[in-house]
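As a plain string of letters, each chain reads:
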Amino acid sequence: MAPIKTCVLGVGLGGLTFHIPFVLALPHLFKLHAVMERNPAGPGGKLQARFGEEAAKGVIIHRNIDAVLADPEVELVVISTPSETHYELAKKCLQAGKHVLVDKPVTAHFSQAQELGELAKSKNLVLYPFQNRRWDSDFLTLRKLLDLPADHPKSLGTLYEFESRFDRFRTELKGTWKDLPLEANGLTYDLAAHTIDQVLVLFGRPAKITAMIENIRGIGSKEVDDCFTIYLHYPPLKAASGVQPQSFTAILRGHILSVRSPQVRYVIRGTHGTYLKYGVDVQEDQLKVITSPAAIGQSAEYGVEPEEIWGTVENLGPNGSVVKSVWPSTERGTYINLFENLAAVIRDGAEQAVKWEQSAEVIELIELAYKSAREERTLPVPPRS
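Treat the numbers as computed from the prediction; the structure is a model and nothing was measured.

**Q** Break down the overall build of the chain for me, with residues and values.
**A** From N to C terminus, the chain includes 12 helices and 15 strands. Taken over C-alpha atoms, the radius of gyration comes to 22 Å for the chain, in line with the 21 Å a tight globule of 385 residues would show. Counting across all 385 residues of the chain, residues that qualify as buried make up 54%. Relative to all contacts within the chain whose residues are 6 or more apart in sequence, the contacts with residues 24 or more apart total 75%. Per element, the accessible surface of the chain, about 17200 Å² overall, is 52% carbon and sulfur. Across the chain, the centroid of the 42 positively charged side chains sits 1 Å from that of the 46 negatively charged ones.

**Q** If you had to explain the sheet that holds strand β12 (residues 273-278) to someone new, which residues and values would you point to?
**A** Ordered in space as β14-β13-β12-β11-β7-β10-β9-β8-β15, the 9 strands form an open sheet in which the pairing is mixed. Pairing within the sheet leaves two strands with one partner each, and these edge strands are β14 (322-327) and β15 (379-380). With 8 bridges joining them, strand β9 (residues 227-234) and strand β10 (residues 248-255) adopt antiparallel strand pairing. Bridging across to β10, I230 finds its partner in L252. Relative to strand β11 (residues 264-270), helix α7 (residues 137-146) is tilted by about 10°, and along the sheet it contacts β7 (159-165), β11, β12, β13 (311-316) and β14.

**Q** Tell me about the packing of helix α6 (residues 110-123) against helix α12 (residues 356-375), residues and numbers included.
**A** The angle between the axes and the distance between the axes are what describe a pair of packed helices. Interaxial distance between α6 and α12 falls to 8 Å at its minimum, and their mutual angle equals 165°. Compared by their axis directions, α6 and α12 come out roughly antiparallel. Judged by the twist between their axes, the crossing of α6 over α12 is left-handed. Note on element contacts: α12 touches α6 through W356, E357, A360, E361, I363, E364 and E367, opposite F110, A113, L116, G117 and K121. Across the contact of α6 with α12, the residue classes break down as 6 nonpolar, 1 polar and 5 charged.

**Q** Lay out the pattern of salt bridges with the relevant residues and their values.
**A** This model, assessed by the stated rule, comprises 23 salt bridges. For R165, the salt bridge goes to D167, with nearest N and O atoms at 2.6 Å. In this structure R165 comes out as buried when scored by relative accessible area, which is 18%. Residue D167 is classed as buried on the basis of its relative accessible area, which comes to 11%. Residue R205 is joined to E361 by a salt bridge in which the shortest nitrogen-to-oxygen separation is 2.8 Å.

**Q** For a nonpolar patch on the surface, give the residues involved together with the corresponding values.
**A** On the surface, F169, I216, L257 and V259 cluster together into a nonpolar patch covering about 370 Å² of accessible area. Looking at the element boundaries, V259 is found in the loop between β10 and β11.

**Q** Before we move on, can you summarise the packing of helix α8 (residues 187-203) against α12 with the specific residues and values?
**A** Axis separation between α8 and α12 bottoms out at 9 Å; the angle between their running directions is 120°. When the axis of α8 is compared with that of α12, the two are oblique. Every pair of crossing elements has a handedness; the one defined by α8 and α12 is right-handed. Across the interface between the two elements, T188, Y189, A193, I196, D197 and L200 from α8 touch Q358, E361, V362, I363, L365, I366, E367 and Y370 from α12. Per-class residue counts for the contact of α8 with α12 are 9 nonpolar, 2 polar and 3 charged.

**Q** Which residues make up the packing of aromatic side chains, and what values do they have?
**A** The description of an aromatic ring pair rests on the distance of the ring centres and on the angle between the ring planes. What the rule picks out here adds up to 10 aromatic pairs. On the basis of an interplanar angle of 50° and a centroid distance of 5.5 Å, the ring pair of Y234 and F248 is categorised as tilted. Remark: F248 occurs in strand β10 and Y234 occurs in strand β9; sequence separation between them is 14 residues. Residue classification places Y234 among the buried positions, given a relative accessible area of 9%. The class for F248 is buried, based on a relative accessible area of 1%. Three or more aromatic residues link up through ring pairs in this structure, and these residues are F18, F22, F30, F130 and F339. Taking the ring centre of F166 as reference, the NZ or CZ of R265 above it sits at 4.1 Å. Lying across the ring of Y266, R265 places its NZ or CZ 4.2 Å from the centre.

**Q** Mind laying out unusual backbone geometry, listing which residues take part and the relevant values?
**A** At the junction of K104 and P105, the peptide bond is cis and its omega measures out at -10° in the coordinates. With respect to the secondary-structure elements, P105 resides in the loop between β5 (99-103) and α6. P262 follows S261 through a cis peptide bond whose omega is -5°. One can find P262 in the loop between β10 and β11.

Reading the values: rules and limits
- Residues numbered from 1 in each chain as written.
- Predicted model: local features only at pLDDT ≥ 70, side-chain atom pairs only at ≥ 80, totals over all residues.
- Heavy atoms only, no water.
- Helix = DSSP H or I, 4+ residues; strand = E, 2+ residues; numbered from the N terminus.
- Rg over C-alpha atoms; globule rule 2.2 N^0.38 Å.
- Buried < 20%, exposed > 50% of the residue type's maximum accessible area, 1.4 Å probe, protein only.
- Contact = heavy atoms within 4.5 Å.
- Areas by Shrake-Rupley, 256 points an atom, 1.4 Å probe, with all protein chains shown as cover.
- Lys, Arg positive; Asp, Glu negative; His and termini not counted.
- Charge placed at Lys NZ, Arg CZ, Asp CG, Glu CD.
- Pairing = 2+ DSSP bridges.
- Axes fitted to C-alpha atoms, helices over the stretch in contact; angles between N-to-C directions.
- Parallel < 35°, antiparallel > 145°, perpendicular 65-115°, else oblique.
- Left-handed = near helix turned anticlockwise from the far one by under 90°.
- Nonpolar A, V, L, I, M, F, W, Y, C, P; charged D, E, K, R; others polar.
- Salt bridge = Lys/Arg side-chain N within 4 Å of Asp/Glu carboxyl O.
- Patch = residues over 30% accessible without salt bridge, like charges linked within 9 Å, V, L, I, M, F, W, Y side chains within 5 Å.
- Phe/Tyr/Trp six-rings, centres within 6.5 Å; stacked < 30°, edge-to-face > 60°.
- Lys NZ or Arg CZ within 6 Å of the ring centre and 35° of its normal.

These figures capture arrangement, not role.
Here you go:
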């Protein structure tokens, strides 16, 4: 299979951390043909400054999207630009006959995501959403816990509450485009795009949604939220035996003023136990500092969570006692699997591990969350059409 000639739009944090390293780490699948950088400071631009002269050798620097679209060698375009630009750039790339990988949030509006999906289908092109956190170590580990049979001693039983958080502590603005009142900006678009996707993978489409979204620090534009709590209401999960919960709720939180280290990641409650997890997947921090993308596949430490942030399970024991144990994060984080699947979809027609319709549904729920917050009420989630 000939490597897929790829152009990455954007050489900021997203491009240099989450995309270019994997393109370079998989030379049998991808060739970094070009990047888009409007004003490179020197030869090789930010790519060379980050990964060295050898990595930048032969890589074209396009100054604008028109140059990218006019390049007949480009097969795949990776969009890692400010969120408000995702829709327009993806549309132009598809119209030019390029496959597209779009960072989250894929669009600002559900209607835009639907339009792009139809356009890709009409042109027989791959349109792939970058939902990399399906390959977080903690999420993969959590799925193993939830897959335990009901009679396993560490089973949580029938779930009635699932809480997923991405909290941090920051009192000042970042000083980037993310602070600006632009479409698809704000913490909800940024981080709930991940947590909603994970919940949809685990539990499917909810029946109702309730959200509280605000700029809790009161700095910058009030239109750019920095705090969210989203309740996704489901019919009760059927109990195999024992107590039958009367509801199931997924609670998604992102807070900017959380003073804690490590931060809470998951709290999951069932009729037989509770799972508590602190800390986040280590891949982002590792990718920010690796000197060579080859380390992704070669380092024994890549994607491996330290034991100090492994989760704990508390289960009902004999005579109503509570037994506490560690649930090890034995699953290595593997963002590289997304790129391997992307290549297989483009070259071999494989099934997408992350379907475009799924990320469009994420945007639909984000829009409903904002509406719920504005109107201060619970909204029904319409059945999937």
